[in-house]
Amino acid sequence: MADNTIFAELNPPPRLMMGPGPVNASPRVLNAMSMPLLGQFDPAFTNYMNEVMALYRQIFQTANRWTFLIDGTARAGIEAALISVLEPGDTVLVPVFGRFGHLLTEIAERCQARVELIETEWGTVFDPGQIEEAVKRTRPKLVALCQGDTSTTVAQPLAEIGDICRRYDAISFIDSTASIVGMDLPVDAWQLDMVSAGLQKCLAGPPGSAPITFNDRVADIIAARKHIEKGIRPDGFKAASGRMIASNYFDLSMLMDYWSETRLNHHTEATSMLYAARECARIVLQEGLAETFARHALASRAMVAGLQAMGLKVFGDLDHKMPNVTGVHIPKGVDGEAIRSDLLNDFAIEIGTSFGPLHGKIWRIGAMGYNCQKHNILTCLNALETILRLHKVRVPSGEAVDAAIAEYRAAGQ
Ligand SMILES: Cc1ncc(COP(=O)(O)O)c(C=O)c1O
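Residues numbered from 1 in each chain as written. Predicted model: local features only at pLDDT ≥ 70, side-chain atom pairs only at ≥ 80, totals over all residues.

1. Topic: the overall build of the protein chain
1) Next: Check the secondary structure of the protein chain and you find 13 helices and 13 strands.
2) Next: Whereas a compact globule of 413 residues would reach a radius of gyration of roughly 22 Å, the protein chain reaches 22 Å, a difference of no more than 12%.
3) Next: Counting across all 413 residues of the protein chain, residues that qualify as buried make up 50%.
4) Next: Intrachain contacts of the protein chain at a sequence separation of at least 6 include 72% that bridge at least 24 residues. (Helix = DSSP H or I, 4+ residues; strand = E, 2+ residues; numbered from the N terminus. Rg over C-alpha atoms; globule rule 2.2 N^0.38 Å. Buried ≥ 20, exposed ≤ 12 C-beta atoms within 10 Å, placed from the backbone. Contact = placed C-beta atoms within 7 Å.)

Rendered as structure tokens:
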């Protein structure tokens, strides 16, 4: 028998997580997660499910009836969307501007779709005309792209994408994991058909739940593929003639029945994650969507001003920079990993490394969700300046924090 005395009490070290996500969750969210569990068909719980749907309609700025949670991390939302819409042989267009575009490609390939890629250099975005040209050429069933790709710290403008897709009869799917509530995403106004997200960035929650929304264009495709597993099939149910969705867990047709008055006994909803998602949305909506966007935009200006005042070069197309994460070039001759490790060990601050072509070239510094507060930006800049100096990088003393404070003062804070 195992000697349980060898297991210490869980006691994670205190951290200020200023990377590309996850970040520190709001204490309000952690508190919500510790609330007592309820049975999944308890009227009190189904009422919370309905409230979550109503809250996320506001977060996504949509009237879509089908707005709910997929249990799992953000990619669970992507998988549910793609596997429920795509059939083997369908064409998908993926405009790739970073690592997460490749994730969309990989998931679409696992759905056995035929993937058409267009790519742009990491740190840049597409002109909507380039996307339209590719849609016209490839005539996809679905166009899948990220709003913000944390791997490159830039965000693709999306205002025209929904309309382009409508004109060529394609479904638009947006992965908004990294950008949701960090910047505007009016799903209905931009005519986006299907959007998924995650909690662990600007929503100030933990990873593990993926809010999703989709309209009737998508619901119709899913209805044509509706099958229900035998043990829970209602009497008289007749499966749709379309191909059965290749995943049970991510079958949106069954999930729609679970989240509607039908209350199909599909999976057991992840109770504590639902509490978390509910509190994440309440926090944002209490602050106000516009105010939440503005808080992230101001933090971005302060972070950029501070890094530049230190003499560092900010990465990527600044006109399309994501507000909640900033890429910064690692100065020549500096060991980027050693700096990250000293920041963690000396200041308990985490900043991010990077992937693919940017690996070893940039750090990614996040300011999002609960961490997107003035004192955290200043603490992070101050710590980075100190560690760089200890690594013999010549940085002007105190100017980073002064420049960041100036941005806040200019905004009256
Ligand atoms: C844009 C984007 N999409 C998808 C993901 C994947 O999210 P998860 O790790 O929660 O599955 C991330 C995570 O950082 C992301 O930034």
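2. Points about the sheet that holds strand S4 (residues 114–119)
Pairing between the strands of a sheet is mediated by backbone hydrogen bonds and can be parallel or antiparallel.
1) Next: Taken in spatial order, the seven strands make up an open sheet running S2-S10-S9-S8-S5-S3-S4, and their pairing is mixed. Every interior strand has two partners, whereas the edge strands, strand S2 (66–71) and S4, have only one. Neighbouring strand axes in the sheet, compared pairwise and without regard to direction, differ in orientation by 20 degrees on average.
2) Next: As judged from the three bridges shared by strand S9 (residues 194–196) and strand S10 (residues 209–214), these two strands associate in the antiparallel manner. Looking at S10, one finds that serine 196 is bridged to isoleucine 212.
3) Next: Packed on one face of the sheet, helix H5 (residues 128–138) meets strand S3 (91–96), S4 and strand S5 (142–146) and runs near 160 degrees to S3.
4) Next: Across the sheet, helix H9 (residues 271–287) lies against S2 and S10, angled at about 65 degrees from S10, the strand it touches most. (Pairing = 2+ DSSP bridges. Axes fitted to C-alpha atoms, helices over the stretch in contact; angles between N-to-C directions.)

3. Notes on the domain arrangement of the protein chain
1) Next: Assigned domains within the protein chain: domain 1 (27–284) and domain 2 (289–410).
2) Next: Centre-to-centre separation of domain 1 and domain 2, based on C-alpha positions: 31 Å.
3) Next: At the interface, 23 residues of domain 1 touch 24 residues of domain 2.
4) Next: Within the side of domain 1 that touches domain 2, the residues separate by chemical class into 11 nonpolar, nine polar and three charged. (Domains from an automatic or database assignment. Nonpolar A, V, L, I, M, F, W, Y, C, P; charged D, E, K, R; others polar.)

4. A short note on the packing of helix H11 (residues 336–347) against helix H12 (residues 374–390)
1) Next: Interhelical geometry of H11 versus H12 gives an angle of 120 degrees and a closest axis separation of 10 Å. Here H12 runs oblique to H11, going by the angle between their axes. Seen along the crossing, H11 lies across H12 with a hand that is right-handed. Across the interface between the two elements, Ile339, Asp342, Leu343, Asp346 and Phe347 of H11 pack against Ala383, Leu384, Ile387 and Leu388 of H12.
2) Next: Considered class by class, the residues forming the contact of H11 with H12 number seven nonpolar, no polar and two charged. (Parallel < 35°, antiparallel > 145°, perpendicular 65-115°, else oblique. Left-handed = near helix turned anticlockwise from the far one by under 90°.)

5. Observations regarding the packing of helix H2 (residues 43–59) against H9
1) Next: Where H2 contacts H9, the axes come no closer than 9 Å and their chain directions differ by 40 degrees. By the angle class used here, H2 and H9 are oblique. Crossing geometry of H2 relative to H9 is assigned as left-handed. Note on element contacts: H9 touches H2 through Leu274, Ala277, Arg278, Ala281, Arg282, Val284 and Leu285, opposite Tyr48, Met49, Glu51, Val52, Leu55, Tyr56, Gln58 and Ile59.

6. Here we look at the nonpolar core
1) Next: Leu82, Ala108, Ala144 and Cys280 are the most contacted members of the largest nonpolar core, which has 132 residues in total.
2) Next: Per-element accounting of this core gives the leading share, nine residues, to H9.
3) Next: Alanine 144 has contacts with Leu82, Val92, Val94, Leu104, Ala108 and Phe173, leaving out every residue within four places of it along the chain. (Core = buried A, V, L, I, M, F, W, Y, C linked by C-beta atoms within 7 Å.)

7. Here we look at the pairing of strand S8 (residues 171–175)
1) Next: Within S8, five of the five residues are buried, leaving the element largely enclosed by the surrounding structure.
2) Next: Here S8 shows two buried faces, one formed by Ile171, Phe173 and Asp175 and the other by Ser172 and Ile174.
3) Next: The sheet contact formed by S5 and S8 spans five bridges and is parallel. Looking at S8, one finds that cysteine 146 is bridged to aspartate 175.
4) Next: Both S8 and S9 contribute to a ladder of three bridges, which runs parallel. For isoleucine 174, the partnering residue across the bridge sits in S9 and is valine 195.

8. Regarding the pairing of S4
1) Next: In terms of strand pairing, S3 meets S4 through six bridges, oriented parallel. Looking across to S4, one finds that proline 95 is bridged to isoleucine 118.
2) Next: Each parallel crossover has a hand, and the one from S3 via helix H4 (residues 99–110) to S4 is right-handed. (Right-handed = clockwise from strand over helix to strand, strands pointing away.)

9. Side note on the environment of leucine 104
1) Next: Positionally, leucine 104 belongs in helix H4.
2) Next: The buried category is assigned to leucine 104, around which 25 C-beta atoms lie within 10 Å.
3) Next: On a C-alpha basis, the gap between leucine 104 and methionine 194 in space is 14 Å, while along the polypeptide they are 90 residues apart.
4) Next: Those residues within four positions of leucine 104 in sequence are excluded, and the remaining contacts are Ile78, Val94, Ala144 and Asp175.

10. Brief notes about the environment of valine 195
1) Next: Mapping valine 195 onto the fold places it in strand S9.
2) Next: Given 28 C-beta atoms within a 10 Å radius, valine 195 is considered buried.
3) Next: When the C-alpha atoms of valine 195 and glycine 333 are compared, they prove to be 42 Å apart, with 138 residues separating the residues in sequence.
4) Next: Those residues in contact with valine 195, other than ones at most four positions away along the chain, are Phe60, Ile174, Ser176, Val187 and Thr213.

11. Notes on unusual backbone geometry
Excluding glycine, residues mostly carry a negative phi; peptide bonds, for their part, are mostly trans.
1) Next: Between glycine 21 and proline 22 the backbone carries a cis peptide bond, its omega angle lying at 5 degrees.
2) Next: Within the fold, proline 22 resides in the loop between strand S1 (16–17) and helix H1 (27–33).
3) Next: One non-glycine residue with positive phi stands out, namely glutamine 61, at about 55 degrees.
4) Next: Here glutamine 61 is to be found in the loop between H2 and S2.
5) Next: Residue glutamine 61 is classed as partly exposed on the basis of its 18 C-beta neighbours within 10 Å.
6) Next: For lysine 392, which is not a glycine, the phi torsion comes out positive at approximately 70 degrees.
7) Next: Relative to the elements of secondary structure, lysine 392 occurs in the loop between H12 and helix H13 (399–410).

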